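# Examination of the molecular architecture
As a plain string of letters, each chain reads:
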Amino acid sequence: MRRQVEGSRAIAETVARCGPDVVAAYPISPQTHIVEALSDLVELGMAGRCEYLMVESEFGAMSACIGASAAGGRAYTATASQGLLFMAEALPNASGLQLPIVMTVANRALGAPINIWNDHSDAMSQRDAGWIQLFAESNQAAVDLHVQAFALAEQLSVPVMVCVDGFVLTHAMEAIDVPEQELVDAVLPPLQPAQCLDPAAPITIGAMVGPEAFTEVKFLEAHRQLRALDAVQEVADRFHAASGRDSGGLTSSYRLEDADVVVVALGSVLGTAADVVDELRDEGVPAGTLGITCFRPWPFDEVREALAGASQVIVLNRALAVGSGSILGQDVRLTVSGGPTTVHDVVVGLGGRPVTRHMLRRLIEDVRAGRISDHALTFPDLDVETVSKELARTVDGADGAALAGAVLGQLATPWPAEEEET
Amino acid sequence: MTDLKLYQVGTFAAGNRLLDPAQRTEQSSGERSNSITSGHRACRGCGEALGARVVLDAAMHATGGRMVTVNATGCLEVFSTPYPESAWRVPWLHSLFGNAAAVASGVAATLRAQGRDDVRVVAQAGDGGTVDIGLGCLSGMFERNDDVLFVCYDNQGYMNTGVQRSGATPAAANTANTRPVGTRVGNAFGTGKSLPVIAMAHEIPYVATATVADLHDLEAKVTRAMSMHGARYLHVLVPCPVGWGTTSADTIRVARLATESGLFPVFEAEDGEVTGVRPIRRQVPVEDYLRLQTRFAHLFSGEGRPDVVARLQRQADRSIAHFGLLEEAAR
Amino acid sequence: MSGRCRDEVTSRAGRAVMFQTRFHGRGGQGVVTAAELLSVAAFDQGKHSQALPSFGSERTGAPVVAYCRIDDRPIRSHDPVTSPEAVVVQDPTMLHIPGVLDDIAIDGVVLVNSTRTPSELGLDHLAARVVTVPATDLARERLGRPLPNTCLLGALAGLTGVVDLAALQRAMRDRFAGAAGDLNAQLAADGFDLVQEGPEGVRHAQAG
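The structure presented is a predicted model; accordingly, all values stated were derived computationally and were not measured. (Residues numbered from 1 in each chain as written. Chains lettered and ligands numbered in written order. Predicted model: local features only at pLDDT ≥ 70, side-chain atom pairs only at ≥ 80, totals over all residues. Heavy atoms only, no water.)

Residues and elements named next belong to chain B. For helix α9 (residues 251-260), a buried count of seven out of 10 residues is recorded, marking the element as mostly surrounded by other parts of the structure. Within α9 the residues assigned to the buried category are T251, V254, A255, L257, A258, T259 and E260. Packing partners of the buried residues in α9 comprise α1 (47-62), β5 (206-211), β6 (232-237), α8 (241-244) and α10 (286-290). In the segment just after α9, G262 is the residue with positive phi, at about 95 degrees. (Buried < 20%, exposed > 50% of the residue type's maximum accessible area, 1.4 Å probe, protein only. Helix = DSSP H or I, 4+ residues; strand = E, 2+ residues; numbered from the N terminus. Contact = heavy atoms within 4.5 Å.)

Written out as structure tokens, the structure reads:
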């Protein structure tokens, strides 16, 4: 039933209905409302028989989830930013041990400098940890994805993180149809642990694997993740059948069919992009969006097919691969390479700087007019003047090109420029 | 007042066939679970391998076999699970170095949530994984009073990585990064921490220290711990022949000397208060203990460092006084 | 393609049907709650609505901004409100902070919590309609606490009709248990009534 509710609260209620055995809770902005709500829900018996562990750190939180899951329980935690880094050692441990843990990441920038606002640098920093990474573009998608996440994790024995834009979604109050218990039960069967610490059948979990077997173990792990490409859609179909809602799957799109310029992005900025697409379409510009819902594993085939008809793709990167370029953009670039599509990588919305409709609209117009490079990383909302002054102040014997790049609001990238036609 | 426990009737053998069967150790029984079985890759004379066997078999006996264990990274984990083999005959989980306590808390939480809490949880770690990198998680487990027995096998250094210093390394010890070069005497005085005392400060239901020199005592403490619920901590001194520079045949002897010198006090505490000590029966000067270990050889070579030895003796004396290890036992 | 297509077109074709409100105040004055209550009232009346807080570090007294969007169609974007139809200033000391009065719609409303007139506050130059309401004083009378938000919400409803007073009051009774719910509902009515009265009852300036 739809009701006006805060995103975090809706997520907490959904998780409670998924019947976790153990919730490990350590607070960090902007996830706090989730763990606070879960404390009440657990205490009031609305999460079934659930143990709510107030751990001493995020490392403790993920560690407790590992133990809880290995003992045959359904385990959940939530974190963001610095907290995700603090549990970094435990993330590949969880995936390597094949534990179906689910975690909400309320996306927030990584420090330094310390910044509590929304971008994707936290999730991006852990993209290789062997976890499935799903990105919610709205609060409705967020709650729906949590149900699907548990089902997915347990089906595949791969942990899943559900990424929800911090503050922007977590603290937004809007109409959300929080999945009722019947819907959850229709999609998420009772947990049947693939492994379990049980005196009746003793097993050793977490042995030391040497050079003679490590490669094989890792291959199998990567293979498991790739199987998620099918499972994500399967679970989404099941969810759709039970709810009538289409939230899940590998990608989502808006007016993509005949789009010539496509904005590719993760998370809530897709809502803003859809508004801009409508404005532009009314003016005859064939724009559309492609949202990546499942970022890891990367849905190569789906993205390639989706972008096949576009001549220009604009990737909105809300995190940086420092020293290398973009992250989402490079995945997209690799996917469409060999085709005629040009990819324009822009960095926006770092550290909570809003991605406004006005800025997006101007960006699309600039791309259409050939003003945005397809071989450099563009920062459309950079305060060029301030940056240039700082570079002039601090860089001795400055490399002219570097300064010039800053003046254009760009960083050079390793990608080759288009061959000039003679 | 502390009872003086006398087990020996005749020989020192662990089973001692002249003892009443009820007083014999679990290790002497043919029925023991052999939780960590033979074939593991520990060094000869490894105190930790012995300690783990004694502790877990006692825990299995005390719980009727209803027990699972969580093991931190370290010697014990490494030498017992060289894939594709495992020496463990009990349910066993290894995660990381610093999180045995948190993982164990998670295991206990699932067992409780699923109504399976007749199954008990034992966490195991070396001194590094307990007092240094493991301290945060351990303190959390203590303050939440999670139902876990945490056992620290203290060989006083990061042995598995090549004998580096830990927060449990005693003063003046030679380790790979506290070598007595220049004017350094080895590990610095005025550093280090006592985890048993830290555990007591958390006022958890049960804290105890023990060594592999007294198997009866060690087993009794495990049994006592498993008769309780909540957070419990057992700190077991386990000499490491490689790291301490002792001969493999001296493991038990060296452990006994550690207690008889007063350097390693053996006691029990409940809810933050000491409830009993194992009195020193025949006090020995610290030198008798130190001379058996090449990690202290620099204190005796050439002119030696009698001042350092004297300082260690003063440490031992303070420990004896503090815990009342030489008090007359009431009977 | 296995992705979801949500091509149901929701183009606005230039029509402004969305009502956007921006709330300014200081931490502890219920700015975020105000935006939320407004959004709940709108939802109650069958509209789509969204309340978004804008955070600095948690601290009472720090400037806080919150937004509320209300529309007949689903609201997709979560970016900050930049062209509000209404601005509510819960603390008059915020008035000289840059940005507080930016980009208000020409036919918009600025509602300020103050015992002074718009003229006295130096706001005559604004194209938008400025109204001042002594919300803190009224709250002290009714609630015994200087929380101006619910009174201002009532005034906002009275000035703009964006939501019904009754819907606001239901939202308040739902949010605040027991007597507090009733008292806040009364306060909302106070604010609503105050802006209905002529120049005698409320000090406001009509834009020239």
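Contact residues are listed per partner, giving 38 residues for chain A and 42 residues for chain B. Counting the surface lost from both chain A and chain B, the interface buries some 3000 Å², and carbon and sulfur atoms represent 61% of this. Here chain A and chain B share two salt bridges between them. The shortest N-O distance in the salt bridge between A:E51 and B:R112 comes to 3.0 Å. Here chain A and chain B share 19 residue pairs in polar contact (both at pLDDT 80 or more) between them. (Buried area = accessible area lost by both parts, 1.4 Å probe. Salt bridge = Lys/Arg side-chain N within 4 Å of Asp/Glu carboxyl O. Polar contact = N/O pair within 3.5 Å; in protein donor to acceptor, adjacent residues only side chain to side chain.)

This next bit is on the sheet that holds strand β5 (residues 102-107) of chain A. All names here are of chain A. Across the sheet, which stays open at both edges, the seven strands sit in the order β3-β2-β4-β5-β7-β6-β13 with mixed pairing between neighbours. Strand pairing shows two members of the sheet lacking a second neighbour, β3 (51-54) and β13 (294-296), which therefore form its edges. For this sheet, the mean angle separating the axes of adjacent strands, direction not counted, is 20 degrees. Against the sheet, helix α2 (residues 32-43) makes contact with β2 (22-25), β3, β4 (75-79) and β5, and its axis sits at roughly 140 degrees relative to β3, the strand it touches most. (Pairing = 2+ DSSP bridges. Axes fitted to C-alpha atoms, helices over the stretch in contact; angles between N-to-C directions.)

The relative placement of two packed helices is expressed as an angle between their axes plus a distance between the axes. Residues and elements named next belong to chain C. It is at 8 Å that the axes of helix α4 (residues 165-175) and helix α5 (residues 179-194) come closest, and there the two elements cross at 155 degrees. One element, α4, and the other, α5, form an angle in the roughly antiparallel class. Between α4 and α5 the crossing geometry is right-handed. For the pair α4 and α5, the contacting residues are L165, Q169, M172 and R173 in the first and G181, D182, N184, A185, A188, A189 and F192 in the second. Looking at the contact of α4 with α5, its residues break down into six nonpolar, three polar and two charged. (Parallel < 35°, antiparallel > 145°, perpendicular 65-115°, else oblique. Left-handed = near helix turned anticlockwise from the far one by under 90°. Nonpolar A, V, L, I, M, F, W, Y, C, P; charged D, E, K, R; others polar.)

Next up on the list: the packing of aromatic side chains. Centre-to-centre distance and the angle between the planes together describe a pair of aromatic rings. Throughout the structure, instances matching the rule amount to eight aromatic pairs over all chains. Residues B:F97 and B:Y158 carry aromatic rings whose centres are separated by 6.0 Å and whose planes lie at 75 degrees to one another, so their mutual orientation is edge-to-face. Within this pair, whereas B:F97 is found in the loop between β2 (92-94) and α3 (100-113), its partner B:Y158 is found in the loop between β4 (149-154) and α6 (195-201), the two being separated by 61 residues in sequence. On the basis of relative accessibility, which here comes to 18%, the residue B:Y158 falls in the buried class. By the ring-pair criterion, three or more aromatic residues cluster together here, those being A:F135, A:F295 and A:W298. The positively charged end of B:R295 is found above the aromatic ring belonging to B:W244, 3.9 Å away from the centroid. Positioned above the aromatic ring of A:Y254, the side-chain terminus of C:R76 is 4.9 Å from the ring centre. (Phe/Tyr/Trp six-rings, centres within 6.5 Å; stacked < 30°, edge-to-face > 60°. Lys NZ or Arg CZ within 6 Å of the ring centre and 35° of its normal.)

Another aspect to go through is the nonpolar core. Of all hydrophobic cores here, the largest spans 96 residues; its most connected members are A:M62, B:F150 and B:Y233. Among the elements that take part in this core, α3(B) stands out by supplying nine residues, more than any other. A domain split of this core shows at least three residues from each of domain 1 (2-191 + 209-243) and domain 2 (251-383) of chain A. Leaving out residues up to four positions away in the same chain, B:F150 has contacts with B:A100, B:A101, B:A123, B:A125, B:T130, B:L138, B:M141, B:R232, B:Y233 and B:L234. In terms of nonpolar packing, the next biggest core, distinct from the first, is built from 65 residues, B:V90, B:A171, B:V185 and B:M228 among them. (Core = buried A, V, L, I, M, F, W, Y, C linked by side-chain atoms within 4.5 Å. Domains from an automatic or database assignment.)

What follows covers the interface of chain A and chain C. Each partner contributes residues to the interface: chain A has 39 residues there, and chain C has 33 residues. When chain A packs against chain C, the two sides together hide about 3200 Å² of surface, and 48% of this comes from carbon and sulfur. Per-residue buried area on chain A facing chain C is highest for A:Q4, A:M173 and A:Y254; these three make up 18% of the total on that side. The closest approach of N and O atoms between C:D79 and A:R357, which form a salt bridge, is 3.3 Å. The interface formed by chain A and chain C holds 10 residue pairs in polar contact (both at pLDDT 80 or more) in total. Contributing elements (two or more residues each) for the side of chain A that touches chain C: β1 (2-6), β8 (173-177), β10 (251-254), α10 (269-282) and α11 (300-306) of chain A. Sort the elements by how many residues they give to the side of chain A that touches chain C and α10(A) lands first, with six residues. When the residues that make up the side of chain A that touches chain C are grouped by side-chain class, the tally is 15 nonpolar, 12 polar and 12 charged.

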